[in-house]
Amino acid sequence: MSALRRARFTDLDVATLYALLRLRVDVFVVEQACAYPDLDGRDTEAGTWHCWLDDAGRVISYLRLLAEPDGATRVGRMATAVDRRGEGHASRLLGATLAGLEPPIVAAVQAHLQGWYEHFGFAAAGAGFVEDGIPHVPMVRA
């Protein structure tokens, strides 16, 4: 069974950081054919948490938590390895991560995943928008 991990940037070893970033690039840049600046400067912020599932030393699912200036926590960069999808890893990771957070929790989710996020208590919080050619919906868990 995969193990849930959580760390600040300064606590990540080089190999783990590489694995986390590689999964993000594999999913968002390569699979979704979306050239965008994944390294946005927020990974290193003091209020950022990197959360992932580790299966025998392999990162199989990941998400990033950001502390927003207004006090909200932002969930983002949620990704699961293509060969491990459909096994419930993303649900397990998000569910376990949300259990320890105080609302409000915000996210800008890809529109086709809106219903999935609603199962975790998120609701649409504004008009949809297109980011890097992909429709998104702002959501909040109050």
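Above this text sits the structure in question.
Read on for an overview of the structure. (Residues numbered from 1 in each chain as written. Predicted model: local features only at pLDDT ≥ 70, side-chain atom pairs only at ≥ 80, totals over all residues. Heavy atoms only, no water.)

### Remarks on the nonpolar core
Counting 20 residues, the largest nonpolar core has Leu-63, Val-75, Met-78, Leu-94, Leu-98, Tyr-117 and Phe-122 as its most contacted members. Contributions of two or more residues to this core are made by strand 2 (49–55), strand 3 (58–67), strand 4 (73–80), helix 2 (89–99), strand 5 (105–110) and strand 8 (134–141). With four residues, the top contributor of residues to this core is helix 2. When near neighbours in sequence (up to four residues on either side) are disregarded, Leu-63 contacts Trp-49, His-50, Cys-51, Gly-76, Arg-77, Met-78, Leu-93, Leu-94 and Thr-97. (Core = buried A, V, L, I, M, F, W, Y, C linked by side-chain atoms within 4.5 Å. Buried < 20%, exposed > 50% of the residue type's maximum accessible area, 1.4 Å probe, protein only. Helix = DSSP H or I, 4+ residues; strand = E, 2+ residues; numbered from the N terminus. Contact = heavy atoms within 4.5 Å.)

### What to know about the side chain of Asp-54
By the secondary structure assignment, Asp-54 is in strand 2. No salt bridge is formed by the buried Asp-54, whose closest oppositely charged neighbour, Arg-5, lies at an N-O distance of 4.7 Å. Here Gly-57 takes part through its backbone nitrogen, which lies 2.9 Å from a polar atom of the side chain of Asp-54. (Lys, Arg positive; Asp, Glu negative; His and termini not counted. Salt bridge = Lys/Arg side-chain N within 4 Å of Asp/Glu carboxyl O. Polar contact = N/O pair within 3.5 Å; in protein donor to acceptor, adjacent residues only side chain to side chain.)

### A word on the pairing of strand 3
With eight of ten residues buried, strand 3 is to be regarded as a mostly interior element. By the bridge criterion, seven bridges tie strand 2 to strand 3 in an arrangement that is antiparallel. Across the sheet, residue Asp-54 finds its bridge partner in strand 3, namely Val-59. Judged from the six bridges that link them, strand 3 and strand 4 form a sheet pairing that is antiparallel. Residue Leu-66 lies in a different strand from strand 4, and its bridge partner there is Arg-74. Where strand 3 hands over to strand 4, the hairpin turn is made up of five residues, of which Gly-71 adopts a positive phi near 95 degrees. (Pairing = 2+ DSSP bridges.)

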